[in-house]
Amino acid sequence: MVKPRKIETGEGIQGDLDVRHYDRMMRRMRDKGWLEIRDILKTGINRGLALEVGPGPGYLGLEWLKKTTGTCLKAVEISPAMIEIARRNAGEYGFTDRVEYVKGDGGNIPFHDNLFDAAFTNGSLHEWAEPKNVLREIYRVLKPGGKYMVSDLRRDMHLLVKWFMQAVTKPNEIRPGLRSSIAASYLVEEIEALLQECLPGGFRVEKKAMGLVITGTKAG
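Given the structure is predicted, the values throughout are model-derived calculations rather than measurements. Residue indices follow the written sequence of each chain, beginning from 1 at its first position. Residue-level local features of this predicted model are given only where pLDDT is at least 70; pairs of side-chain atoms are given and counted only at 80 or more, and the full residue set underlies all totals for whole chains, interfaces and linings. No hydrogens and no water enter the side-chain calculation; it runs on all heavy atoms of the structure.

(A) A look at unusual backbone geometry. Of the consecutive residues Lys170 and Pro171, the connecting peptide bond is found in the cis state with omega at 0°. With respect to the helices and strands, the residue Pro171 is situated in the loop between helix H6 (159–168) and helix H7 (175–184). Positive phi outside glycine occurs at Asn114, with the angle close to 55°. Each helix corresponds to a stretch of at least 4 residues labelled H or I by DSSP, and each strand to a stretch of at least 2 residues labelled E; elements are numbered beginning at the N terminus. Mapped onto the elements of the fold, Asn114 is located in the loop between strand E3 (99–103) and strand E4 (116–122).

(B) Structural context of the sheet that holds E4. Any two strands with at least two DSSP-identified bridges between them are counted as paired. Taking strand neighbours across the sheet as the criterion, the 7 strands line up as E3-E2-E1-E4-E5-E7-E6 in an open arrangement whose pairing is mixed. Here the strands that pair on one side only, and so sit at the sheet edges, are E3 and strand E6 (203–207). Within this sheet the neighbouring strands show an average axis-to-axis angle of 15°, counted without direction. By the bridge criterion, 5 bridges tie strand E2 (residues 72–77) to E3 in an arrangement that is parallel. Pairing of Ala75 across the sheet is with Tyr101, part of E3. For helices, the axis comes from a line fit to the C-alpha atoms of the stretch in contact; other axes are also lines fit to C-alpha atoms, and the angle between any two N-to-C directions lies between 0 and 180 degrees.

(C) Summary view of the packing of aromatic side chains. Stacked, tilted and edge-to-face pairs are distinguished by plane angle, under 30 degrees for stacked and over 60 for edge-to-face with tilted covering the rest, among Phe, Tyr and Trp rings (Trp via its six-membered ring) whose centres lie within 6.5 Å. Per the stated rule, a full pass over the model turns up 4 aromatic pairs. Residues Tyr139 and Tyr148 carry aromatic rings whose centres are separated by 6.5 Å and whose planes lie at 70° to one another, so their mutual orientation is edge-to-face. To sort residues, take the accessible area from a 1.4 Å probe on protein chains only and compare it with the maximum for the residue type: under 20% means buried, over 50% means exposed, and anything in between is partly exposed. A residue is classified by how much of its surface remains accessible, and Tyr148, at 3% relative accessible area, is buried. Note that Arg5 overlies the ring of Tyr186, its terminal NZ or CZ placed 4.1 Å from the centroid. It is Arg98 that lies over the ring of Phe95; its NZ or CZ is 4.8 Å from the centre. Placement of a charge over a ring requires the Lys NZ or Arg CZ to be within 6 Å of the ring centre, with the centre-to-atom vector within 35 degrees of the ring normal.

(D) A look at the environment of His112. Within the fold, His112 resides in the loop between E3 and E4. Should any heavy atoms of two residues lie within 4.5 Å, those residues are considered in contact. Among residues more than four places away in sequence, those in contact with His112 are Arg140 and Val141.

(E) How the structure looks around the pairing of strand E5 (residues 142–153). Alignment of E4 against E5, held across 6 bridges, turns out to be parallel. Within E5, the residue paired with Phe120 across the bridge is Met149. When the strands point away from the viewer and the path from the first strand over the helix to the second turns clockwise, the crossover is right-handed. Between E4 and its parallel partner E5, the chain crosses via helix H5 (residues 131–141), and the hand of that crossover is right-handed. When E5 meets strand E7 (residues 211–217), the two strands line up antiparallel, connected through 7 bridges. From the neighbouring strand, Lys147 faces E7, where its bridge partner is Thr217.

(F) Representation of the side chain of Thr215 within the structure. Tracing the chain through its elements places Thr215 in strand E7. Using a relative accessible area of 19% as the deciding quantity, one classes Thr215 as buried. Residue contacts for Thr215: discarding those within four places in its chain leaves Thr43, Tyr148, Met149, Gly202, Phe203 and Arg204.

(G) Focus on H5. Within H5, the full set of buried residues consists of Pro131, Val134, Leu135, Glu137, Ile138, Tyr139 and Val141. Taken together, the buried residues of H5 touch strand E1 (49–53), E4, E5, helix H8 (188–198) and E7.

(H) Structural view of the side chain of Ser151. Along the chain, the position of Ser151 falls in strand E5. A relative accessible area of 2% places Ser151 in the buried class. A polar atom in the side chain of Ser151 sits 2.7 Å from the side chain of Asn122. Here Ser151 is in contact with Glu36, Thr121, Asn122, Gly123, Leu212 and Val213, once residues within four sequence places are set aside. Residues adjacent in sequence count toward polar contacts only when both atoms are side-chain atoms; beyond that, a polar contact is any pair of N or O atoms within 3.5 Å, and within protein one must be able to donate a hydrogen and the other to accept it.

Note that all results are geometric; they support no functional claim without further evidence.
Here it is in structure tokens:
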């Protein structure tokens, strides 16, 4: 039997030590090729101006820029400490002219309507205090025909998968956060019900071994 969700903070990772540990984990995931770049590109998110919600230290969006041509990225992040690290990482990639990090809340995205060609976010859905608001905001700032992808953990993943994730998660200081994130994540049927309440349709929810992926296109 799957346990009920244990709601996690909506304030993101804030402390300097926590931010550094998280940066080390995400850098390792990038180096191992474990970021979800292929999934993003498969959805057709490969051109123009994209929005990333909750970029953390920035590696997912930076790798997306690296694998696309003529693209730019704007990212909304709630943690000032994380923005500082993401900007430093963008400098390492040489992409400071292609990416902008803005402090903000996904429930009140500080950009105009119909601005972005695409939007993506990974690993932050379970942290959103008001997920319907964030999803509506993502939809609002997309151009008609714009594509979106939202990916996250799911708490009913197989026990062996949970064990594997914890075993490979480093540094060790991150592991309690992983467990709390899994406990706060959604089931596919919960997300489908939530999406039906806040989006006008045209979305798809796919179950993955380690999580779930929401994709869709804004109506033209």
